[in-house]
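# Chain and residue survey
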Amino acid sequence: MFCQRRMAATLGPAQGADSDPDRVVEDEPRGTDGDEENSQQTGATTAPQSRLAKLPLARIKALMKADPDVTLASQESVFIIAKATELFVEMIAKDALVYAQQGKRKTLQRKDLDNAIEAIDEFAFLEGTLD
């Protein structure tokens, strides 16, 4: 998938360079697998740490400032762009997952993204971008 390869290249090696670029893994909240049982046994009431934005805000700000028309970017604008990007990626991944499931697969492939882009009018602006 071109988007994941491009995202991995943009985000750097700390954001999943070891994983297969054609594989999409759904995020799970961190610290909830076995920590809940341990905290109940010990009586600790600490909640798992969760970030409001999952994407690195510093990198998003750098990408925004790479545009010659952007001179300043407020923290709020960077956060909104990050959140919108997360929601967009989630939406297109869920729509592409439908096509993967129709093919009896759990792994998203480029053809699933292509099918989602062709079938859904909201993604019409992406046609031809994965070529």
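Scroll up to find the structure this text is about.
So, how was this worked out
- Residues numbered from 1 in each chain as written.
- Predicted model: local features only at pLDDT ≥ 70, side-chain atom pairs only at ≥ 80, totals over all residues.
- Heavy atoms only, no water.
- Phe/Tyr/Trp six-rings, centres within 6.5 Å; stacked < 30°, edge-to-face > 60°.
- Helix = DSSP H or I, 4+ residues; strand = E, 2+ residues; numbered from the N terminus.
- Buried < 20%, exposed > 50% of the residue type's maximum accessible area, 1.4 Å probe, protein only.
- Salt bridge = Lys/Arg side-chain N within 4 Å of Asp/Glu carboxyl O.
- Polar contact = N/O pair within 3.5 Å; in protein donor to acceptor, adjacent residues only side chain to side chain.
- Contact = heavy atoms within 4.5 Å.

## With respect to the packing of aromatic side chains
Describing an aromatic ring pair means giving the distance of the ring centres and the angle of the ring planes. Under the counting rule described, the total for this entry stands at two aromatic pairs. Here the aromatic rings of Phe88 and Phe123 are separated by 6.0 Å at their centres, their planes lie at 85°, and the arrangement is edge-to-face. One end of the pair, Phe88, is in helix α4 (residues 75-102); the other, Phe123, is in the segment after α5 (110-119), with 35 residues separating them in the sequence. By relative accessible area, Phe88 is classed as partly exposed at 29%. Seen from their ring centres, Phe88 and Phe125 are 6.2 Å apart, and the 45° between their planes marks the pair as tilted. Of this pair, Phe88 sits in helix α4 while Phe125 sits in the segment after α5, and the two are 37 residues apart along the sequence. By relative accessible area, which is 57% here, Phe125 ends up exposed. Chaining the aromatic ring pairs together yields one cluster made of Phe88, Phe123 and Phe125.

## Observations regarding the pattern of salt bridges
If you walk through the whole model with that rule in mind, you get four salt bridges. Here Asp114 ties to Arg110 by a salt bridge, and the two come within 3.6 Å at their closest N and O atoms. Within this pair, Asp114 and its partner Arg110 are both found in helix α5, separated by four residues, close to a single helical turn. Look at Asp114 and you get partly exposed, because its relative accessible area is 24%.

## Regarding unusual backbone geometry
Although it is not a glycine, Lys104 sits at a positive phi angle of roughly 55°. Its location among the elements puts Lys104 in the loop between α4 and α5.

## Thoughts on the side chain of Asp112
Mapped onto the elements, Asp112 comes out in helix α5. We classify Asp112 as buried; its relative accessible area is 1%. Here the side chain of Asp112 touches Gln109 through a polar contact of 2.8 Å, landing on its backbone nitrogen. With residues up to four places along the chain from it excluded, the contact list for Asp112 reads Ala96, Tyr99, Ala100, Arg105 and Thr107.

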